[in-house]
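Okay, here's what each chain looks like letter by letter:
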Amino acid sequence: DIAKLAGKIVIRDAVTLAPVGEMPSYGIRPHEIQVTLDGKHFVVANYGSTNVAGSSDDAPDIPDSVAPGISVIEIASGKQVAWIDGVSKAEIRHLAGKRLDRIFAVTAQMAWANSPEAAGLAPDPGAEHGFEYLASPPIRVAGDRAEQLLTDQVPLTRHGLSVVYDPKFDEVLMTFPATHRIAIFDGATGALKKLIGTDALGLHWPCGVALAPDGERWHISGYWNGLLTLRTGSHLVETMSPQPKWWGHSHTVIA
């Protein structure tokens, strides 16, 4: 029952943090929320999963994926204007949604670390305790449905994490820390433009992505340390520094 389990979006005063309004997310376990560039819509990634009955923080279980999806909400009215179902019951966690015709998202599927599904997988320090991330292709919204990406390279899609849109070159960059990969897609078609193994460059577990304010370069930060910068458009490596210490993190903001 999606309506019964739907989460809430709460609007708070930026100074006092007092609630000033709320609206439904129209999905289960809303996570990342983006505001479109025109300021008219929220684009919301809804995990779509619930805890298995009887599980707890001390004895967790694999989340039960009920209805993962992306909701598009008109901010002025709070009304849902679109819903896009996820694919293969994989959780939808993070997305790029600055334009309604350029919505991209990463998905997640997990298994117990000692399960047959996780056998032979390289460890991922960003995985929840006792779990490992399985391969789970990212998606883009094409029309009114979700279309999987990287279907010819599925093993590389473990633990999709950060997703950022570059309006200047109409590109989307995603990180996959568990396989030390970043992928760059064409915004209009979803075609893969470049796949980079960051471990060969000295950056392990690429997590956070930030587009420089001037739009000239990407900044990709490692889980524990390191910062890689790429030129936008050409994707050429500009710098790679192992010095910044992040102490385990997921996302990055730059201003």
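All values derive from a computational prediction rather than experimental measurement. (Residues numbered from 1 in each chain as written. Predicted model: local features only at pLDDT ≥ 70, side-chain atom pairs only at ≥ 80, totals over all residues. Heavy atoms only, no water.)

(A) Quick look at the pairing of strand 7 (residues 69-74). Of all the 6 residues making up strand 7, 5 are buried; the element is thus mostly covered by neighbouring parts of the structure. Summarising the sheet, strand 4 (residues 41-46) and strand 7 pair through 6 bridges and their orientation is antiparallel. Directly across from His 41, in strand 7, lies its bridge partner Glu 74. (Buried < 20%, exposed > 50% of the residue type's maximum accessible area, 1.4 Å probe, protein only. Helix = DSSP H or I, 4+ residues; strand = E, 2+ residues; numbered from the N terminus. Pairing = 2+ DSSP bridges.)

(B) Spotlight on the packing of aromatic side chains. The tally for this structure, following the rule as stated, stands at 3 aromatic pairs. Measuring from ring centre to ring centre gives 4.7 Å for Trp 112 and Phe 131, while their planes differ by 20°; the resulting arrangement is stacked. On the criterion of sequence distance, the pair formed by Trp 112 in strand 10 (residues 104-112) and Phe 131 in strand 11 (residues 131-134) is long-range, its members being 19 residues apart. Judged by relative accessible area, which is 31%, Trp 112 ranks as partly exposed. For the ring pair Tyr 223 and Trp 224, a centre distance of 5.1 Å and an interplane angle of 80° mean the geometry is edge-to-face. (Phe/Tyr/Trp six-rings, centres within 6.5 Å; stacked < 30°, edge-to-face > 60°.)

(C) Local environment of the sheet that holds strand 18 (residues 206-211). Ordered in space as 18-19-20-21, the 4 strands form an open sheet in which the pairing is antiparallel. Unpaired on one side and paired on the other, strand 18 and strand 21 (237-245) mark the two borders of the sheet. Geometrically, the sheet is characterised by an average inter-axis angle of 20° between neighbouring strands, direction not taken into account. As judged from the 5 bridges shared by strand 19 (residues 217-222) and strand 20 (residues 225-231), these two strands associate in the antiparallel manner. Residue pairing for strand 20: Arg 217 is matched across the bridge by Arg 231. (Axes fitted to C-alpha atoms, helices over the stretch in contact; angles between N-to-C directions.)

(D) Here's a closer look at the pattern of salt bridges. A full pass over the atoms with the stated rule returns 15 salt bridges. In this structure, Arg 93 and Glu 91 form a salt bridge, with 2.7 Å as the shortest nitrogen-oxygen distance. Per residue, the accessibility class of Arg 93 equals that of Glu 91, and both read buried. For Lys 193, the salt bridge is made with Glu 171, and the minimal N-O distance between the two is 2.6 Å. Residue Lys 193 is found in strand 17 (residues 192-197), and its partner Glu 171 is found in strand 15 (residues 171-176); the two are separated by 22 residues along the sequence. Each of the salt bridges in this network shares a partner with another, and the network as a whole consists of Lys 168, Asp 214, Glu 216, Arg 217, Arg 231 and Glu 238. (Salt bridge = Lys/Arg side-chain N within 4 Å of Asp/Glu carboxyl O.)

(E) View of the side chain of Thr 36. By secondary structure assignment, the location of Thr 36 is in the loop between strand 3 (30-35) and strand 4. Residue class for Thr 36 comes out buried when judged on its relative accessible area of 5%. A distance of 2.6 Å separates polar atoms of two side chains, one belonging to Thr 36 and the other to Asp 38. Aside from chain neighbours lying at most four places away, what touches Thr 36 is His 41, Val 43, Gly 97, Lys 98 and Leu 100. (Polar contact = N/O pair within 3.5 Å; in protein donor to acceptor, adjacent residues only side chain to side chain. Contact = heavy atoms within 4.5 Å.)

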